[in-house]
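# Structural characterization, general
In case you want the letters, here they are:
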Amino acid sequence: MSPYPEPLRQLPAASDPAPGPHHVAIIMDGNGRWAQARGWPRTEGHRRGVEALRRTVRAASDLGIGYLTIFSFSTENWRRPPTEVSFLLGLLKRFVQNDLAELHASNVRVRMIGDRDGTPPDIRELIEQAEHLTRDNTALTLVIAFNYGARDEIVRATNRLLAARAAAGVAPLPISEADLAAYLDTADIPDPDLLIRTSGELRLSNFLMWQAAYSELVFTPVLWPDFDRAALEAAIHEYRGRDRRFGAVKQQAV
Ligand code: FPP
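Summary of the structure given here. Because the structure is a prediction, the values reported are computed rather than measured.

Rules used throughout
- Residues numbered from 1 in each chain as written.
- Predicted model: local features only at pLDDT ≥ 70, side-chain atom pairs only at ≥ 80, totals over all residues.
- Heavy atoms only, no water.
- Buried < 20%, exposed > 50% of the residue type's maximum accessible area, 1.4 Å probe, protein only.
- Helix = DSSP H or I, 4+ residues; strand = E, 2+ residues; numbered from the N terminus.
- Pairing = 2+ DSSP bridges.
- Phe/Tyr/Trp six-rings, centres within 6.5 Å; stacked < 30°, edge-to-face > 60°.
- Lys NZ or Arg CZ within 6 Å of the ring centre and 35° of its normal.
- Expected span 1.5 Å × (residues − 1).
- Axes fitted to C-alpha atoms, helices over the stretch in contact; angles between N-to-C directions.
- Parallel < 35°, antiparallel > 145°, perpendicular 65-115°, else oblique.
- Left-handed = near helix turned anticlockwise from the far one by under 90°.
- Contact = heavy atoms within 4.5 Å.
- Nonpolar A, V, L, I, M, F, W, Y, C, P; charged D, E, K, R; others polar.
- Near = heavy atom within 4 Å.
- Polar contact = N/O pair within 3.5 Å; in protein donor to acceptor, adjacent residues only side chain to side chain.
- Areas by Shrake-Rupley, 256 points an atom, 1.4 Å probe, with all protein chains shown as cover.

What follows deals with the pairing of strand β2 (residues 67–74). Across the eight residues that make up β2, a large majority, seven, are buried. Examined bridge by bridge, β2 and strand β4 (residues 141–148) share seven bridges and lie parallel to one another. Residue pairing for β4: Thr 69 is matched across the bridge by Val 143.

Here it is as structure tokens:
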């Protein structure tokens, strides 16, 4: 048994040889404003957003990033006008259909986080086929957050944990952080080191609220359709200049 409380045991080794970030999460915001600034429909911004996503996946792969999580559709996005919702669903379908072969050839592993039960069956099937095909790939893991909301994820995890205990005839309480984390959609995915939000908005918007507890946050005014390798490198540069202490203090010479 470790003498340390759980959060301290999660501290990374002081001499991490790779500077990271190992896991980058992105809130791809600003598609609508990018299009409207040009007098175009919002959907054109989403369409260009897919191109920015392709650039970013390639750049993340080239830079040796292990995990890239993208917020593609939130549990709250269903509130958008039906035409925009169906456009976004169609874009995601086409992205998986058109890009899967290239992702697989590039050794990219695809994963989904989010509420699968509330996901349209055709999209769920496509993503699960992509997960199956790419499950043994070892370069970048592309985590698609679809029908994802952090509060929803935490509630689903709690329900599943308690149901599993009931089925096993185990006392429901107490639960630990590790118990709950094991039932999150991200159970086998490391926490993000760097969380980027584009478009100048300064919010988490219900994205990875558990996992981002100690992530470094970088907010850039770049609108998502303009995001590229240089913007990703700038965010990584900012990350590398940060002093990550995870609530502890830096060891000092005495
Ligand atoms: C936010 O921009 C973006 C979204 C709600 C959807 C993100 C989707 C894409 C980038 C399209 C490609 C994704 C995949 C996985 C195919 P916004 O519409 O909120 O922009 P605004 O804040 O300027 O209105």
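Past the structure itself, the notes keep going.
So, about the packing of aromatic side chains. The geometry of an aromatic ring pair is captured by two quantities: the separation of the ring centres and the angle between the planes. All told, the structure shown has eight aromatic pairs when counted by the stated rule. Arranged with centres 6.0 Å apart and planes meeting at 80°, the rings of Phe 71 and Tyr 148 form a pair that is edge-to-face. One end of the pair, Phe 71, is in strand β2; the other, Tyr 148, is in strand β4, and 77 residues separate them in sequence. You can call Phe 71 buried: its relative accessible area is 10%. A ring pair is formed by Phe 73 and Trp 78, whose centres lie 4.7 Å apart and whose planes are at 70°; its orientation type is edge-to-face. Through a chain of ring-to-ring contacts, the aromatic side chains of Phe 71, Tyr 148 and Phe 207 assemble into a single cluster. Over the face of the ring belonging to Trp 34 we find Arg 38, whose NZ or CZ atom lies 4.0 Å from the ring centre.

For the rest of this paragraph, the subject is helix α6 (residues 150–168). For α6, which comprises 19 residues, the first-to-last C-alpha distance of 27 Å matches the rise-based estimate of 27 Å (1.5 Å per residue) to within 8%. A positive backbone phi angle near 70° is found at Gly 169, which sits one or two residues after α6.

Where helix α3 (residues 42–62) contacts helix α4 (residues 82–105), the two axes come as close as 11 Å, and the packing angle between them is 25°. When the interaxial angle is binned, α3 and α4 end up roughly parallel. Between α3 and α4 lies a crossing whose hand is right-handed. From α3, Arg 42, Thr 43, His 46, Arg 47, Val 50, Leu 53, Arg 54, Val 57 and Arg 58 reach across to α4, where they touch Glu 84, Phe 87, Leu 88, Leu 91, Phe 95, Asp 99, Glu 102 and Leu 103. Class assignment for the residues of the contact of α3 with α4 results in eight nonpolar, two polar and seven charged.

The next thing to look at is the side chain of Glu 131. Tracing the backbone through its elements, the reader meets Glu 131 in helix α5 (residues 121–133). Residue Glu 131 is classed as buried on the basis of its relative accessible area, which comes to 13%. Those residues in contact with Glu 131 that lie beyond four places of it in its chain are Val 110, Arg 111, Met 112 and Arg 116.

Right, let's talk about the site of the ligand for a bit. In the neighbourhood of the ligand, 17 residues make up the surrounding shell, with Asp 29, Gly 32, Arg 33, Arg 42 and Arg 80 lying closest. Gly 32 places a polar main-chain atom, nitrogen or oxygen, 3.0 Å from an oxygen atom of the ligand. Backbone polar atom of Arg 33 to an oxygen atom of the ligand: 2.7 Å apart, as the coordinates give it. In the complex, the protein chains occlude 91% of the 620 Å² of accessible area that the ligand would expose alone. Within the residue set of the shell around the ligand, elements represented by two or more residues are α2 (31–36), α3 and α4. Of all the elements, α3 adds the most residues to the shell around the ligand, at four residues. Residues that form the shell around the ligand fall into these classes: seven nonpolar, six polar and four charged.

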